[in-house]
Amino acid sequence: MRQQSNASLLTGESLLSSAEFTPADIAALRADTPGCESVVHFNNAGCGLVARPVLAAVTDHLRLEAEIGGYEASAARETQVRDFYTSIADLLGTGPGNIAFAGSATHAYTKALSAIDFEPGDTILTTRNDFISNQIAFLALRRRFGVEIVHAPDRPDGSGVDVDAMAALMRTHRPRLVAATHVPTNSGLVQPIADIGRHCRELELLYLVDACQSAGQYPLDVNAIGCDLLTATCRKFLRGPRGSGFLYVSDRVLEEGYEPLFIDMYGARWVEPEKYRPVDSAARFEEWEFPYATLLGCAAAVRYALRVGLEPISRRTPVLAAGLRDRLAALPGVRVLDGGPAPAALVTFEIAGWQPQPFKAALDERGVNSALSFREFAQYDFADKDVDWCLRLSPHYYNTEEEVDMVAAAVSELAERGPGSH
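Worth saying up front: this structure is predicted, and the values here are computed from it rather than measured.

Q: I would appreciate a short explanation of the sheet that holds strand 11 (residues 334-336) in the present structure.
A: Within a beta sheet, neighbouring strands are joined by backbone hydrogen bonds and run either parallel or antiparallel to one another. Taking strand neighbours across the sheet as the criterion, the four strands line up as 11-12-15-14 in an open arrangement whose pairing is antiparallel. Of all the strands in the sheet, the pair left with one neighbour each is strand 11 and strand 14 (371-374). Within this sheet the neighbouring strands show an average axis-to-axis angle of 35°, counted without direction. Across the face of the sheet, helix 13 (residues 310-329) comes into contact with strand 11, strand 12 (347-351) and strand 15 (389-393) while running at roughly 15° to strand 12.

Quick look at the structure:
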């Protein structure tokens, strides 16, 4: 892959020299990622390392705001601001008017939930592996509005939700909302969201998907998924800046008049003293004030991912994780916790004899970025696995096989020596 300027990385052809990653491609992508010089970053499920064009988009806009003023800078970058919506639409196979910016995936998720007029006795049908903040939001809705929460059972083999059982629950309960997390934050499980969506469409049920860990790791097509609403962050596998996310809103939801509980002057028009009218697009889910530098960084990150290619990313990233998973599974005292036939690039494991913070600190000292998950993050899943905590390692396409070897060797060393080794 030839070296390119920041501008061409944003607007040029594919970043790959072929349909797959070559050693030259990996070298160039790592050269484009400043963080690769100082850390072995296996915490992409937390925050991916930003690429130079993303860094440039954010800092250039902040510089422009300092030079000419905030309002003036956003007006001067109007075309680039619009590209945020176009880029996310391209990522999801939809239109720009179906996309709303959000401060995080959870911000987008709660905005979506607030648009649903829940009443006592309404049912939310979800899975046992939905993200912690989503589960807490459901419990809050139950406390405030008296909704019922039904969790579809998992398959006995640990491969995720039992779709047939979930479909039967759809027919029995006629839920006000069906919700599923594509890839849970606490394991590499990949849920069959398109299969769930097919049943939702057949029964005309409202369907909300959390794609926080899959956006930037897998191709996503909202029409193939069959969802009405989809939320994600830009900071993880899309490698965008923190404090950013997005919400997809289907035409059906817009046409049926769903709107968030609190809507401001950006999402609605005050047409008469006692009347307002929501705007026609997903902008009704946004607020007037935007972190424009962050938004532009997100657009750059999405364009970067699209240039690299989601299909080759979806092949390389899980393969790196599978290699790490196999290496860890062979270590005495280590139990790998991920399930499903084709796990994503989230590798979770417990290690005998260690407490969570000291173990992570020992990896930190060896230059390996990682993350901890605890029982409170996944009450059902961790109870089933009988674990109180685990360590999560999440490589991405710019990581190398040599880094996989190094991380596995570090865990092996710590497993052998025990807590006194660091």
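Q: It is not clear to me how helix 13 should be interpreted in this structure. Could you clarify?
A: Residues lying three or four places apart along an α-helix face the same way, a consequence of the helix completing one turn every 3.6 residues. The end-to-end C-alpha distance of helix 13 is 28 Å, a good match for the 28 Å that 20 residues give at a rise of 1.5 Å each. Within helix 13 the residues assigned to the buried category are L310, P312, I313, S314, R316, T317, P318, L320, A321, L324, R325 and L328.

Q: What's the story with the pairing of strand 4 (residues 148-151) in this structure? I'm lost.
A: For a regular strand, side chains alternate in direction, first toward one face of the sheet and then toward the other. Note that strand 3 (residues 123-126) and strand 4 share four bridges and pair parallel. Each residue of the ladder has a partner; that of T123, found in strand 4, is E148. Handedness of the crossover joining strand 3 and strand 4 through helix 7 (residues 132-145) is recorded here as right-handed.

Q: Looking at this structure, how should I read the nonpolar core?
A: The tendency in soluble globular proteins is for nonpolar side chains to be buried side by side. The biggest cluster of nonpolar side chains holds 45 residues, and the ones touching the most others in it are F84, L92, I196, Y207, L230 and F246. Broken down by element, the residue count for this core peaks at seven residues, all from helix 5 (residues 78-92). Not counting residues within four places of it along the chain, the set of residues in contact with L92 comprises I99, L220, D221, V222, L230, F246 and Y248. Of all hydrophobic cores here, the second largest spans 33 residues; its members include A321, V368, L391 and L393.

Q: Quick question: what am I supposed to make of the sheet that holds strand 4 here?
A: Across the sheet, which stays open at both edges, the seven strands sit in the order 2-8-7-6-5-3-4 with mixed pairing between neighbours. Looking at strand neighbours, the two that pair on one side only are strand 2 (99-102) and strand 4, the edges of this open sheet. This sheet shows a mean twist of 20° between the axes of neighbouring strands, independent of strand direction. Sheet analysis places strand 7 (residues 229-233) next to strand 8 (residues 245-249), joined by five bridges and oriented antiparallel. Bridged to A232 within strand 8 is F246. Against the sheet, helix 8 (residues 163-173) touches strand 3, strand 4 and strand 5 (177-181), its axis set at about 175° to strand 3.

Definitions and limits used
Residue numbers restart at each chain and count upward from 1, following the sequence in its written direction. Under the rules for a predicted model, residues below a pLDDT of 70 receive no local features and side-chain atom pairs below 80 are neither given nor counted, while totals for whole chains, interfaces and linings still include all residues. Hydrogen atoms and water are omitted, and side-chain values are computed over all heavy atoms in the structure. When DSSP finds two or more bridges between a pair of strands, those strands are recorded as paired. Numbered from the N terminus, helices here are DSSP runs of H or I no shorter than four residues, and strands are runs of E no shorter than two. The angle between two axes is taken between their N-to-C directions and runs from 0 to 180 degrees, where each axis is a line fitted to C-alpha atoms and a helix contributes only its stretch in contact. The contact definition used throughout considers only heavy atoms, calling two residues in contact when any of these lie within 4.5 Å. Here a helix's expected span is defined as the number of its residues, less one, multiplied by 1.5 Å. Burial here depends on accessible area, computed with a 1.4 Å probe over protein chains only, as a share of the maximum for the residue type. Under 20% is buried, over 50% is exposed, and the range in between is partly exposed. Handedness is read with the strands pointing away from the viewer; a crossover is right-handed when the path from the first strand over the helix to the second is clockwise. Residues grouped as a nonpolar core are buried Ala, Val, Leu, Ile, Met, Phe, Trp, Tyr and Cys residues, joined through side-chain atoms within 4.5 Å.

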